[in-house]
Amino acid sequence: MRRIRLKKEYRLKVWGFFFVVFSLCFIFIPQPNRAFMLNYFSRKCINHQQIYSKKLTDRIPDYSAQARLSGITACSDEKDLALKLISGQLVKVRGGRKYRIENMKHSYPYLTRDSRRLLNEIGRRFRNKINREGFKGSKFIITSMTRTSENIRGLGKTNINASENSPHLNGNAFDISYARFSIRKYHVTECDKWYLKEALAEVIHELRKEKKCWATYEKQQGCFHVVSRVQ
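So, how was this worked out
Residues numbered from 1 in each chain as written. Predicted model: local features only at pLDDT ≥ 70, side-chain atom pairs only at ≥ 80, totals over all residues. Heavy atoms only, no water. Pairing = 2+ DSSP bridges. Helix = DSSP H or I, 4+ residues; strand = E, 2+ residues; numbered from the N terminus. Axes fitted to C-alpha atoms, helices over the stretch in contact; angles between N-to-C directions. Contact = heavy atoms within 4.5 Å. Core = buried A, V, L, I, M, F, W, Y, C linked by side-chain atoms within 4.5 Å. Buried < 20%, exposed > 50% of the residue type's maximum accessible area, 1.4 Å probe, protein only. pLDDT = per-residue confidence, 0-100. Polar contact = N/O pair within 3.5 Å; in protein donor to acceptor, adjacent residues only side chain to side chain. Phe/Tyr/Trp six-rings, centres within 6.5 Å; stacked < 30°, edge-to-face > 60°. Lys NZ or Arg CZ within 6 Å of the ring centre and 35° of its normal.

Draft legend 1. Highlighting the sheet that holds strand β4 (residues 139-144). Spatial strand order, β2-β4-β5-β7-β6: five strands in an open sheet with mixed pairing. A strand with exactly one partner marks an edge of an open sheet, and here the two such strands are β2 (99-101) and β6 (213-218). Across this sheet, the average inter-strand angle for adjacent strands is 30°, counted without regard to direction. Running at roughly 45° to strand β7 (residues 223-228), helix α3 (residues 60-70) makes contact with β6 and β7 of the sheet.

Next comes the structure, spelled out in structure tokens:
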């Protein structure tokens, strides 16, 4: 009995020690890192985020003609795409601190300069927004960028949104997943995923209101389809 009592006392002392250390860290660490620690251990939902995804309702037929004028002419295959890259009509897009680029099978990580600028602006605003909620270091994921006519023909069998008039052919469109994020958090809840989705939608909606892009909430593909709008 005495041995059992000693073990219990030892466990209580160990837990007490960790509690004191955590409390001191919480008091003395800077505010941004405090938010980061809270988010690692919290399971509460962020309930002040409004729903914006349902407001992204642009239809491709309504803007495809205008999008073609500000983009490149459609590339037939990868060789044609390489020529556009060499001539400077397209630029390579690299992942970094703002977003991650998925390994794409049906498109290439190239965009027009205006479109890359738009993507970086989405990344900057999104990062600033989520940092305030303790999601520092988290990123959204790009799932598709510029496609060739060859890509479209192959993709049409599995993606009902692929079409001959797709802005992805013009180098000024990209898809951002709202179903998956790169999240720096120990315990990721469904509430976290919902918050990041709607926070991203809000950022895109702001840029849409500023007439810098068109955007569509693609439910079946699990992404936001965004097209650069040159004024």
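On we go.
Draft legend 2. Focus on the nonpolar core. In this structure, I122, F126, F140, F174, L200, I204 and F224 are the most contacted members of the largest nonpolar core, which totals 34 residues. Put simply, the parts of the chain that give this core at least two residues each are α5 (113-131), β4, β5 (173-182), α7 (190-209), β6 and β7. Looking at this core element by element, the count peaks at eight residues for α7. The residues touching F126, leaving out its near neighbours within four places in the chain, are K139, F140, F181, L196, A199, L200 and V203.

Draft legend 3. Just the pairing of β4, in detail. Judged from the three bridges that link them, β2 and β4 form a sheet pairing that is parallel. Looking at the pairing, R100 lines up with I141 of β4.

Draft legend 4. Here's a closer look at the pairing of β7. Extensive coverage of β7 is indicated by the burial of six of its six residues. Neither face of β7 is open: one carries C223, H225 and V227, the other F224, V226 and S228, and all of them are buried. By the bridge criterion, five bridges tie β5 to β7 in an arrangement that is antiparallel. Bridge pairing links D175 to H225 in β7.

Draft legend 5. Local environment of the environment of F126. Mapped onto the fold, F126 is located in helix α5. Taking the C-alpha atoms as reference points, F126 and E202, separated by 76 residues in sequence, lie 8.8 Å from one another.

Draft legend 6. How the structure looks around the confidence of the model for the protein chain. Looking at the protein chain, pLDDT values average 83 and 76% of them are 70 or higher. Under a pLDDT of 50 for its full length, residues 29-43 has, in the predicted model, 23 contacts with residues more than four places off or in other chains. Across residues 157-161, where pLDDT falls below 50, the model places six contacts with residues more than four positions away in sequence or in other chains.

Draft legend 7. View of the side chain of D175. Residue position: D175 is located in strand β5. You can call D175 buried: its relative accessible area is 5%. Among the polar contacts listed, one links the side chain of D175 to the side chain of H225, at a separation of 3.0 Å. Dropping the residues within four chain positions of it, D175 is found in contact with I141, I142, T143, S144, R147, H168, C223, F224 and H225.

Draft legend 8. The packing of aromatic side chains, seen in detail. Following the criterion strictly, the structure yields nine aromatic pairs and no others. Here the aromatic rings of Y63 and W214 are separated by 4.9 Å at their centres, their planes lie at 10°, and the arrangement is stacked. With Y63 in helix α3 and W214 in strand β6, this residue pair connects regions lying 151 residues apart in the sequence. Overall, W214 belongs to the buried group, its relative accessible area being 7%. Taken together, a centroid distance of 6.2 Å and an interplanar angle of 20° make the contact between F126 and F181 stacked. A residue pair is termed long-range when its members are at least 10 positions apart, and F126 in helix α5 and F181 in strand β5 qualify at 55 residues. Taken together, the aromatic side chains of Y99, F126, F140 and F181 make up a single cluster linked through ring pairs. Just above the ring of Y178 sits the side chain of K197; from NZ or CZ to the centre is 4.7 Å.

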